Amino acid sequence: MPNGARPSTTSSTATAACSISRAGAAVSVPVDWDELGPKLTPDKFTVLNIGKRLASLKKDPWAGIAKVKQKLPDLRSLRK
């Protein structure tokens, strides 16, 4: 899904497997904790290599996500 509505390249909201409308066409992808580190950069996955990444996955990175039960804290009391 192209994401042309992002306000800037520093925005942090994007859907999974969402391409960015700019040179390099980076694609947002879910990553596992063990993939995090200095070699993982925001432009690592592109429309040119996303197929290879998806084919290399041993399991669906979103498997079990519906079972996660969490509640965000109510931060309205912090407003001044």
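Just so it is clear, the structure is predicted and the values come from calculations on it, not from any experiment.

Colleague: So what exactly am I meant to see when it comes to the overall build of the protein here?
Modeller: The number of helices and strands found in the protein is one helix and three strands. Listed by position from the N terminus, the elements making up the protein come as β-β-β-α. Counting across all 80 residues of the protein, residues that qualify as buried make up 15%. Of all intrachain contacts in the protein linking residues separated by at least 6 positions in sequence, the fraction that spans at least 24 positions is 9%. As displayed, the protein has an accessible area near 7,100 Å², and 60% of this comes from carbon and sulfur atoms.

Colleague: I keep staring at a nonpolar patch on the surface and nothing clicks. Help me out?
Modeller: A surface patch of nonpolar side chains, about 360 Å² in accessible area, is lined by Val31, Trp33 and Leu36. Along the chain, leucine 36 falls in the loop between strand S3 (27-28) and helix H1 (50-56). Given the relative accessible area of 45%, leucine 36 is considered partly exposed.

Colleague: Looking at this structure, I do not really get the side chain of arginine 53. What am I missing?
Modeller: Note that arginine 53 resides in helix H1. Not counting chain neighbours up to four residues away, the residues in contact with arginine 53 comprise Val29, Pro30, Val31, Glu35 and Phe45.

Colleague: So what exactly am I meant to see when it comes to the confidence of the model for the protein here?
Modeller: Regions with low pLDDT carry predicted coordinates that are not meant to be interpreted in detail. Confidence in the prediction for the protein averages 76 pLDDT; 70% of positions are at 70 or higher. Mean pLDDT per element in the protein: strand S1 (residues 2-3) is the minimum at 44, and H1 is the maximum at 89. Below a pLDDT of 50 lies the segment residues 1-7, which in the model reaches 16 contacts outside its immediate sequence neighbourhood of four places, other chains included.

Conventions we followed
Residues numbered from 1 in each chain as written. Predicted model: local features only at pLDDT ≥ 70, side-chain atom pairs only at ≥ 80, totals over all residues. Heavy atoms only, no water. Helix = DSSP H or I, 4+ residues; strand = E, 2+ residues; numbered from the N terminus. Buried < 20%, exposed > 50% of the residue type's maximum accessible area, 1.4 Å probe, protein only. Contact = heavy atoms within 4.5 Å. Areas by Shrake-Rupley, 256 points an atom, 1.4 Å probe, with all protein chains shown as cover. Patch = residues over 30% accessible without salt bridge, like charges linked within 9 Å, V, L, I, M, F, W, Y side chains within 5 Å. Salt bridge = Lys/Arg side-chain N within 4 Å of Asp/Glu carboxyl O. pLDDT = per-residue confidence, 0-100.

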